[in-house]
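Chain by chain, the residues run as shown.
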Amino acid sequence: MNDTTAPSAAREHTVESFTREFLREVNFGQGVDLDRASTNDKYLALARTVRAYLTTRWLETLRTQRREQKKAVAYMSAEFLLGRQLENNLLATDLGEIARDSLDLLGIDLVELCNTEIEPGLGNGGLGRLAACFVDSLATENVPSIGYGIRYEYGIFRQRFEDGRQVEEPDEWLRLGSPWEMPHPENAVKVGFGGRVEAWKDESGRAHRRWSPDWHVTGVPYNYMVPGYRNGRVNTLRLWSARATQAFDLAIFNAGDYTDAVRAQTQAENISKVLYPEDSTPQGKELRLQQQYFFVACSLRDFVEKVLPEDFDLHRLPERITFQLNDTHPVIAVPELMRLLIDERGWEWADAWAVTQKVFAYTCHTLLPEALEVWPVDLLGRLLPRHLEIIYRINEEFLEQVREAFPGDMLRERHMSIIAEEPVRSVRMAYLATVAGAKVNGVAELHSQLLRDKVLSDFAEMFPHKFTNVTNGVTPRRFMALSNPRLSALITEAIGEGWVTDLERLRELEPLADDAEFRRRFREVKSHNRARFAGVIAERDGIEISPDAMVDAMVKRLHEYKRQSLKLLHIVSLYERITSGALPLADVTPRTFVFGAKAAPGYVRAKETIALINAVGRTINADASLEGRLKVAFPANYNVTLAETLIPAADLSEQISQAGKEASGTGNMKFALNGALTVGTDDGANVEIRQLVGDDHFFLFGMDEPAVSDLQASGYRSASYYEQDKDLRAALDMIASGAFTGGDRGSFVSSITASLIERDRFMALADFRAYVDAQERVEAHWADQEAWTRSAVLNVARSGYFSSDRSIRDYLARIWNA
Ligand SMILES: *Cc1c(COP(=O)(O)O)cnc(C)c1O
């Protein structure tokens with residue numbers, strides 16, 4: 001499947017030609033003179049200049065693919081958390097220096113233009129960012145591929161704090177224009193919803209089913225270019241935007257009712273209006289199912305009718321494509337492909353099923369039962385009646401297979417049914433994906449093991465060959481080369497070029513961990529990055545931090561299983577011990593605790609936790625008796641752009657989820673690659689990070705997954721930890737006393753403390769002592785800066801495995817060529 005695209009014959013840019021193109025875009029693209037151009041005009045002109053350069057290579061890539069017709073991968077994902085495009089595209093094309101020199105001559109600051117860009121936040125967190133890393137690596141690994149998703153008009157909300165509480169504002173990312181996308185309304189696809197299914201017979205008397213939807217939506221494709229890193233390949237990301245099939249009803253409009261005239265239009269366009277801001281806990285809303293079906297129906301039709309040659313024999317579809325399903329969000333593609341083949345092309349069921357089973361593969365992203373998507377049969381049947389019929393038939397045939405394999409095992413049959421009966425009759429999308437997919441993968445070794453042993457154990461027993469692992473990764477382009485230029489330069493100076501696309505080469509840094517001069521320079525880079533981060537949050541958020549204190553970062557979505565509350569208990573306990581005199585100030589390591597986290601708008605406990613972190617932060621930051629040794633920094637609106645300045649500055653990475661709950665994590669990888677040490681549980685990819693970097697350079701703590709299961713089974717009583725650990729009790733009591741809320745003991749203070757003491761669903765209290773001990777090991781290690789730097793260098797040197805290029809190679813070997 002790998003191929004090498006011949007380098008394009010397009011002209012190479014010089015500073016002169018680049019300047020000419022740029023000025024042309026200012027004049028003819030933006031329609032202004034340079035001396036009248038706004039910053040946004042210049043940003044758009046620069047973006048289009050780079051885009052034109054990319055386009056040449058993109059068209060060449062498309063021509064090659066049409067000529068060679070190699071097997072491709074379609075990565076289907078409801079989210080792509082892309083981050084800013086301009087800098088990344090300058091990096092990939094190696095146009096950065098030319099652009100800077102060219103703009104310098106015109107007296108324009110390149111950095112300012114880059115910072116003008118509003119990042120496309122078309123994802124929630126890790127899952128969406130993974131999809132963005134994967135399309136980057138697919139292009140860089142030279143894999144013919146296409147990403148399919150939704151062009152949300154509003155991405156993940158912008159977070160503000162008002163009195164410490166989260167306020168959500170719409171993310172108007174398209175407000176200033178969107179130079180990276182190319183709409184193609186002429187390639188629009190019509191998608192149906194609702195209606196009825198009828199039986200009919202053809203001339204030969206064969207029975208068929210026909211779906212007559214009662215409303216339609218048009219999907220307009222928007223193409224984005226995804227450049228490989230300096231390899232000439234530019235792949236496509238195709239995001240769908242929903243339009244009404246008819247703009248509005250002129251008759252109703254003429255009769256004077258404007259609102260009614262545009263009702264259908266509004267309903268249709270709502271489908272791609274806004275990203276659902278839930279992470280890990282889907283809400284099961286009808287509009288979300290509409291979004292899911294909308295984008296997979298558009299994508300399948302696009303692939304079959306536009307990407308493949310006109311007369312292509314679909315029996316050979318598995319030779320041309322794997323549809324990789326990023327979680328269950330695109331799984332409705334399974335019955336949709338069956339419907340296309342059977343109803344629209346007249347295939348027999350068995351033939352359609354044989355092809356379907358070969359072209360889909362499913363990536364599972366969770367272990368939380370509440371995160372496994374189910375759709376009530378009522379809702380699904382109303383919106384997609386034909387698809388529900390097909391799902392029923394898939395299930396019937398599957399259960400027949402179960403009965404054959406396990407005769408008389410009625411319980412197993414009920415457990416494995418794609419249709420759940422309780423609490424309401426629903427379709428279990430993960431089961432449908434597992435039955436239909438050629439492969440099912442988890443996203444870290446431990447996660448894949450737990451999928452086999454627990455979440456999908458019956459399926460793993462029945463289809464052992466389907467189950468595999470592909471550990472997640474992150475792109476070293478964005479998360480090292482782009483975001484950490486100083487470290488990148490130091491690495492290149494030490495081991496030469498080439499590591500950006502061959503990250504295992506970071507191993508060559510290992511001997512330098514013992515080189516005092518290298519360590520000094522490494523510390524200098526960290527120190528510079530801390531100062532850069534301090535500058536950014538001073539300007540962005542008005543937060544002042546010391547550039548010398550340890551940067552201890554916990555940034556990720558706010559979720560109880562991730563246990564931001566455990567981090568908070570550590571901070572409060574430190575503060576309580578200082579103020580009660582148990583801990584002399586001189587013994588306190590100067591630290592900045594950095595939080596970044598959005599809470600789903602409807603997730604009350606998560607929002608309370610944000611309010612509490614801010615309340616604790618306000619108190620600690622204002623307490624002069626601490627002499628500035630402890631500081632809590634919680635910049636609002638954590639996103640990819642903020643991650644890019646925070647992560648290179650971090651010294652300590654907090655990865656403290658309850659063992660067995662975080663499928664992989666990718667934040668953990670970004671931090672290790674940038675020389676932060678991890679304090680973490682034995683969870684997700686932490687396990688693999690620790691194995692690679694070594695126990696001496698990783699702070700492991702807490703219960704592992706079997707210990708969690710045992711404690712759960714024997715009856716976890718959190719109150720006993722509260723009663724028996726006096727520091728823990730003092731910390732919780734301090735919160736409950738209103739010490740951080742101006743004496744107010746009500747509202748979120750009592751509800752958070754009570755829920756921890758009485759229930760503590762993710763066992764934060766059980767891990768508290770081990771966590772505090774681990775933090776003391778952190779401080780002891782930090783006190784020896786040479787030893788710490790040595791560990792930090794080894795973290796970088798040994799984390800090359802976590803490149804998403806390696807993930808893509810694993811997908812190729814284990815899934816896409818299978
Ligand atoms: C990497 C990343 C995440 C995922 O972080 P985890 O710690 O793995 O949950 C979330 N949000 C953003 C902006 C990221 O860049």
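- Where an unreviewed UniProt entry is consulted, the protein appears under the name Alpha-1,4 glucan phosphorylase, with the organism given as Demequina muriae.
- The annotation that UniProt attaches to the protein under Cofactor (unreviewed entry) is "pyridoxal 5'-phosphate".
- What UniProt states about the protein under its Sequence similarities (unreviewed entry) heading is, verbatim, "Belongs to the glycogen phosphorylase family."

1. Details of the site of the ligand
Step number 1: The ligand sits among Gly125, Gly126, Val555, Lys556, Lys562, Tyr638, Asn639, Val640, Gly665, Thr666, Gly667 and Lys670.
Step number 2: At 3.0 Å, a backbone N or O of Gly667 approaches an oxygen atom of the ligand.
Step number 3: Lys670 has a polar side-chain atom sitting 2.6 Å from an oxygen atom of the ligand.
Step number 4: Out of a free accessible area of 390 Å², the ligand has 96% covered by protein chains.
Step number 5: For the ligand, the cavity whose grid points lie within 2 Å of the majority of its atoms is the largest cavity.
Step number 6: The class makeup of the residues in the shell around the ligand is 3 nonpolar, 6 polar and 3 charged.

2. Here we look at the sheet that holds strand 17 (residues 426-428)
Step number 1: With antiparallel pairing, 3 strands are arranged side by side in an open sheet as 15-17-16. Edge strands, defined here as strands with exactly one partner in the open sheet, are strand 15 (374-376) and strand 16 (419-420).
Step number 2: Relative to strand 17, strand 16 runs antiparallel, the two being bridged by 2 bridges. Along strand 17, the bridge assignment pairs Ile419 with Val427.
Step number 3: Docked against the sheet, helix 17 (residues 429-436) engages strand 15 and strand 17, running at close to 50 degrees with respect to strand 17.

3. Considering the sheet that holds strand 22 (residues 630-633)
Step number 1: Ordered by their spatial adjacency, 6 strands build an open sheet running 22-21-20-23-24-25, and the pairing between neighbours is parallel. Across the chains shown, the open sheet's two edge strands, defined by having one partner strand only, are strand 22 and strand 25 (699-700).
Step number 2: In the sheet, strand 20 (residues 550-555) pairs with strand 21 (residues 591-596) via 6 bridges, with the strands oriented parallel. Bridged to Met554 within strand 21 is Phe595.
Step number 3: Those strands touched by helix 24 (residues 604-622) are strand 21 and strand 22, and its axis lies near 145 degrees from that of strand 22.
Step number 4: Where helix 33 (residues 785-797) meets the sheet, it contacts strand 23 (652-655), strand 24 (677-680) and strand 25, and its direction lies at approximately 90 degrees from that of strand 24.

4. Things to note about the layout of surface pockets
Step number 1: There is about 600 Å³ of room inside the second largest pocket.
Step number 2: Lining the second largest pocket are 29 residues; nearest its centre among them are Leu62, Arg66, Thr236, Arg238 and Val307.
Step number 3: At 7 residues, the largest contribution of residues to the lining of the second largest pocket is made by helix 2 (residues 39-68).

Each value, and the rule that gives it
- Residues numbered from 1 in each chain as written.
- Predicted model: local features only at pLDDT ≥ 70, side-chain atom pairs only at ≥ 80, totals over all residues.
- Heavy atoms only, no water.
- UniProt positions renumbered as here; feature names shortened; annotations may be inferred.
- Near = heavy atom within 4 Å.
- Polar contact = N/O pair within 3.5 Å; in protein donor to acceptor, adjacent residues only side chain to side chain.
- Areas by Shrake-Rupley, 256 points an atom, 1.4 Å probe, with all protein chains shown as cover.
- 1 Å grid on protein atoms, 1.4 Å probe; cavity = no way out; pocket = protein on both sides within 12 Å on 5 of 7 lines; lining within 4 Å.
- Sits in = over half its atoms within 2 Å of the grid points.
- Nonpolar A, V, L, I, M, F, W, Y, C, P; charged D, E, K, R; others polar.
- Pairing = 2+ DSSP bridges.
- Helix = DSSP H or I, 4+ residues; strand = E, 2+ residues; numbered from the N terminus.
- Contact = heavy atoms within 4.5 Å.
- Axes fitted to C-alpha atoms, helices over the stretch in contact; angles between N-to-C directions.
- Points joined across faces, edges and corners; volume = space filled by probe spheres on them.

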